[in-house]
Amino acid sequence: MSHAKPIDAAEIKRLAGAIRTLAMDAVEAAKSGHPGMPMGMADAATVLFARHLKFDPSAPDWPDRDRFVLSAGHGSMLLYALLHLTGYPGMALDEIKRFRQLGSKTAGHPEYGHAAGIETTTGPLGQGFATAVGMAMAERSLWARFGDQLIDHFTYVIAGDGCLMEGVSQEAITLAGRHRLDKLIVLWDDNSISIDGSVSISDATDQRKRFEASGWRTLACDGHDPKAIDDALTEAKTSDRPVLIAVKTTIGFGAPKKSGTKNAHGEPLGAEELAAAKKALGLPEEPFFVPDDIRKGWSAIAARGKAAREAWEARAQTSEKGDALRAALAMDPAPAIAALSAHAKKMAAEKPAMATRAASGAALDAMFNEFSALIGGSADLTGSNNTLVKNTQVFDHETPAGRYVHYGVREHAMAAAMNGMALHGGVVPYGGTFLVFSDYSRPAIRLAALMGVRVVHVLTHDSIGLGEDGPTHQPVEHLAALRAIPNLRVFRPCDAVETAECWALAIAHEKGPSALALSRQSVPALRADASENLCARGAYELLPATGGPARVALFATGTEVALAVAARETLQTEGVPTRVISAPCFELFSEQPEGYQDSVLGADDEVRIGVEAAIGLGWFEAFGLDAFIGMHGFGASAPAKDLYAHFGITAEAIVETAKALA
C-alpha cells in the first residue's frame, strides 16, 4: 500500500520526533526500559507506517491487513508509541505513562492480547522473526486458496542484531528462503550495538551475505534518511523472494553523550541527557507532549487504510469465495471432532493393537479432510511421526495451497512458525518431532502457552520404549518439563481410542497449545467404549476394583496403562481389589470439579501408585501418590522390552510395590 505522493523528509522527521519523545519519557518515568532502539528506528518505522503498511486502527483485526512484528521486543516503546499515535483502541496516553507498570497494556515487552495491534508476543530475541515466517506462510496458503482479491498482504519485521545472532534466526532464514516468501520484509536495525558493547566484540558475520546464501534478496539504506528508507521499502515489495533491508541506524539517535553506545540500549537516559536529547532533536521539553499538528499528521496516517479496508470488505461480500474465506477464518473444528468421535467408536469396536503414533496417523486420516484449516508438518521425521495424511499436497513456493510442510531439521523454527500461522488466522497448525527434541522447540512452545494460541505438537518416541537409539533419544524428563509450562496441555494416550479423543481435545482448544506424547512401540486396545470422550476429564477410572472396596489405585499414562492393567489382574487374583486410572492429561484433571477429582483419587486408605516411563516429578502433587514406578535417571541403548525390565517398569514390579504397601 505505497503512498502516491513524493516523500516529505522533513515531515517524516517531525512525525518520528513524537515516537522519540514518548519512548524517552516512558522509559524515564518507568526508570527502566530500552530507549535506544526506538530512538534509532523511529525514522524507519514512521516511513513504514506512513507510506507502506496497510492497516486500519478502527478495524485492528482486519484479515487482509499487513502484519507488523517487532522482533526486537525490548524496544517495545517503538510499537506502543506507534499504536498510540495512530489511535489503536485502548492505547491512550495514560497507558504510555504507565509503561512497565502492573496491569498496564504497555508491558516491558509486547504481549499478544494486551492491546490491539500487538500481533505477537516478542522479547526472546529471534522468536518474533521466526514467528513472522509462519505468518507469511499462512498468507501464502490463504492467498493460494482464495486469490489476491481477498488475501494479499505483507509481513513486516523489525529485527535487531540480537535477533540475528540467535540460532533460531538461521532456521527461520533458511525456511523462508526455501519457500521464497516474497511477502516477508525484514528491516534489520543495523546499529552495531548490543548490551555488552559493540557487536564486533562477539560477532563478525556479514549478514547480507548470510541472507543471500539462503535465497533472500538484500538491500541497504541509511536509517535516518526518509527517502532512502522509502525507496528501499518500495523496491523490496517488488521482490520475488523474501527481503532483508539493512537499515543503518544510530542507537539512541539524538542523545548527545549516549547515542551510538551501549549506554543507550537498556537503561533510561537520565534527566540531563534526556533534556539534551530533546533540545538536539528540537522536541518539546514537557514530558509526553506531542503537538497537535503532529497528532493530526499521525491521525491522517491512521485514516489512510480505511478505504482499502472497506474496499476489501465489499469484495469479500460479493466474491464467490467470500463465504469459504469466512468459514476458513472461523476455523470451526466441529466436523473434524465428529469424525474423530466416529473413528474412536470404530477403534473401540475393532480393538487394534498399535503404536499410539500410528493411532495418531489414523486419527489424522479420519478427520483431516473435515478441517481445511489444518496444516501439518514435521521436522524431517515424517515417516516416524506419522504426520502426513495420504495424498496431501506439500506446501511449497510452487504449490502454496499444500497442507503439509517439510520443515527440515528446524524444530525451533517449526514451532515458532506454527505460532505465526495460528496468530495470522485461517490456519490451525500441527507439527511433529521426537519428544526428546521438544527441547529445541521449547521456547516457542512456551510463547504459544503465554499467548494462548492453538497449535498442536505431535511428539513421538515418547519414552525408553523407543529402544536401541539410546539415552540421547529417550526422553525421561521431558513430560515433566512440558507439564511445568502453564497453559500447555500435555496428552499421553494409552491406545487408539484415547489418541482419537486427545486429538479432538487438542483441535478444540482455542486458548492454548497442546502436546501429544506418542509411543513408538505397540500397545493393546484398552478402551471398549467410546461413547463419551473420557480423556476430557484428564484422568478417569478405566477399570474398577472388584471383590470389595479398592485397596490399591494404579495411576498410569500412555504405554504404561497396559502394565497397570496387567498388574491389576494379578492383584485381583491374589485378593487385592485394585482400580486402574488412566491419566492422559494432568492439566485437564486439575481443572475438574473437586468432587470428581475426589472420586477418581479414591478413599484415603487406598494405596496410590503412579506408573510412567519417565521421572516422577509432578506425579505426587497431581495424585497424592504413595509410590511411583518409573525412571530415576537416563535410559540406555537396548531393545525396549529389555529396558523396561532393566529399569523395573513392569507389571511384576507394580504388584510387588502394591502388596508391600496395601
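1. Section: the pattern of salt bridges
Next, step 1: On inspection of all chains with the given rule, the structure shows 32 salt bridges.
Next, step 2: Note that R14 is salt-bridged to D293, the shortest N-O span being 2.4 Å. Separated by 279 residues along the polypeptide, R14 in helix α1 (residues 9–30) and D293 in helix α11 (residues 292–303) bring together distant segments of the chain.
Next, step 3: Classification of R14 by relative accessible area gives partly exposed; the value is 41%.
Next, step 4: The residue E560 makes a salt bridge to R492 at a minimum N-O spacing of 2.6 Å. On the criterion of sequence distance, the pair formed by E560 in helix α21 (residues 560–573) and R492 in the loop between β13 (489–491) and α20 (496–508) is long-range, its members being 68 residues apart. Pair check on accessibility: E560 and R492 agree, each one buried.
Next, step 5: One continuous salt-bridge network, built from bridges that share partners, spans D462, R483, R492, E560 and E612.

2. Things to note about the packing of aromatic side chains
Next, step 1: Counted by the stated rule, this structure contains 18 aromatic pairs.
Next, step 2: With a centroid separation of 5.2 Å and 65° between ring planes, the pair formed by F49 and F55 is classed as edge-to-face.
Next, step 3: Ring geometry for F589 and F623: centres 5.5 Å apart, planes at 35°, overall tilted. Of the two residues, F589 sits in helix α22 (residues 586–590) while F623 sits in helix α24 (residues 619–623), which places them 34 residues apart along the sequence. Each member of the pair, F589 as well as F623, carries the same accessibility label: buried.
Next, step 4: One aromatic cluster in this structure is built from F555, F586, F589, Y596, W619, F623 and F628.
Next, step 5: Seen from the ring of F154, K183 lies directly overhead, with NZ or CZ sitting 4.2 Å from the centre.
Next, step 6: The ring centre of Y596 lies 4.3 Å from the NZ or CZ of R537, which sits over that ring.

3. A few points about a negative patch on the surface
Next, step 1: Where like charges cluster on the molecular surface, the negative patch consists of E594, D598, D604 and D605.
Next, step 2: Among the secondary structure elements, E594 is positioned in helix α23 (residues 594–601).

4. Quick look at the sheet that holds β13
Next, step 1: Overall, parallel pairing links the six strands, which are arranged β10-β9-β11-β12-β14-β13 in an open sheet. Edge positions in the sheet fall to β10 (404–406) and β13, since each has one partner strand and no second. Direction aside, the axes of adjacent strands within the sheet are offset by 20° on average.
Next, step 2: With four bridges connecting them, strand β12 (residues 456–460) and strand β14 (residues 514–517) associate as parallel partners. Directly across from L459, in β14, lies its bridge partner A517.

5. Considering the nonpolar core
Next, step 1: Of all hydrophobic cores here, the largest spans 105 residues; its most connected members are M77, M137, L184, I245 and W298.
Next, step 2: Here the element with the most residues in this core is α1; it accounts for ten residues.
Next, step 3: Beyond its immediate sequence surroundings of up to four residues, I245 is in contact with I185, V186, L187, W188, L219, C221, A232, L233 and A236.
Next, step 4: Listed in part, the 44 residues of the second largest apolar core include Y540, F623, L625 and F628.

6. Quick notes on the environment of F154
Next, step 1: Note on placement: F154 falls in the loop between α5 (127–146) and β2 (155–160).
Next, step 2: Among residues more than four places away in sequence, those in contact with F154 are D66, R67, D182, K183, I185 and K237.

7. What about the packing of α1 against helix α10 (residues 271–281)?
Next, step 1: The interhelical angle for the contact between α1 and α10, taken along N-to-C directions, is 175°, at an axis separation of 11 Å. It follows from the interaxial angle that α1 and α10 lie roughly antiparallel. Of α10, the residues touching α1 (which contributes R20, T21, M24, D25 and E28) are A271, L274, A277, K278 and L281.
Next, step 2: Across the contact of α1 with α10, the residue classes break down as five nonpolar, one polar and four charged.

Rules behind the numbers
Every residue gets a number counted from 1 within its own chain, in the order that chain's sequence is written. Confidence filtering applies because this is a predicted model: local features only for residues at pLDDT of at least 70, side-chain atom pairs given and counted only at 80 or more, and all residues used for totals across whole chains, interfaces and linings. Excluding hydrogens and water, the side-chain values take into account all heavy atoms of the structure. Each reported salt bridge corresponds to a side-chain nitrogen of Lys or Arg within 4 Å of a carboxyl oxygen of Asp or Glu. The numbering of helices and of strands both runs from the N terminus, where a helix is a DSSP run of H or I of at least 4 residues and a strand a run of E of at least 2. Per-residue accessibility, obtained with a 1.4 Å probe over protein chains only, is compared with the maximum for each type, and a residue is labelled buried under 20%, exposed over 50%, and partly exposed between these values. Here is the rule: rings of Phe, Tyr and Trp (six-membered ring for Trp) pair when centre to centre is within 6.5 Å. Planes less than 30 degrees apart are stacked, more than 60 are edge-to-face, and the remainder are tilted. Note on criteria: charge over ring means Lys NZ or Arg CZ within 6 Å of the ring centre, with the direction from the centre no more than 35 degrees off the ring normal. Note that patches include only residues with greater than 30% relative accessible area and no salt bridge, and the join distances are 9 Å for like charges and 5 Å for nonpolar side chains (Val, Leu, Ile, Met, Phe, Trp, Tyr). Per-residue and other accessible areas follow the Shrake-Rupley method at a 1.4 Å probe size, with only the shown protein chains counted as cover for residues. Counted as positive: Lys and Arg. Counted as negative: Asp and Glu. His and the chain ends are not counted at all. To locate a charge, take atom NZ for lysine, CZ for arginine, CG for aspartate or CD for glutamate. Only strands that DSSP links by at least two bridges are regarded as paired with each other. Lines fitted to C-alpha atoms define the axes here, with helix axes fitted over just the stretch in contact, and angles between the N-to-C directions of these axes take values from 0 to 180 degrees. By convention a nonpolar core is built from buried Ala, Val, Leu, Ile, Met, Phe, Trp, Tyr and Cys residues, the set being connected through side-chain atoms within 4.5 Å. Contacts were defined at the residue level, with two residues in contact if any of their heavy atoms lie within 4.5 Å. Small angles under 35 degrees read as roughly parallel and large ones over 145 as roughly antiparallel, with 65 to 115 read as roughly perpendicular and the rest as oblique. Only Asp, Glu, Lys and Arg are considered charged in this grouping, and only Ala, Val, Leu, Ile, Met, Phe, Trp, Tyr, Cys and Pro are considered nonpolar; every other residue, Gly among them, is considered polar.

None of the figures reported here should be taken as evidence of function without further support.
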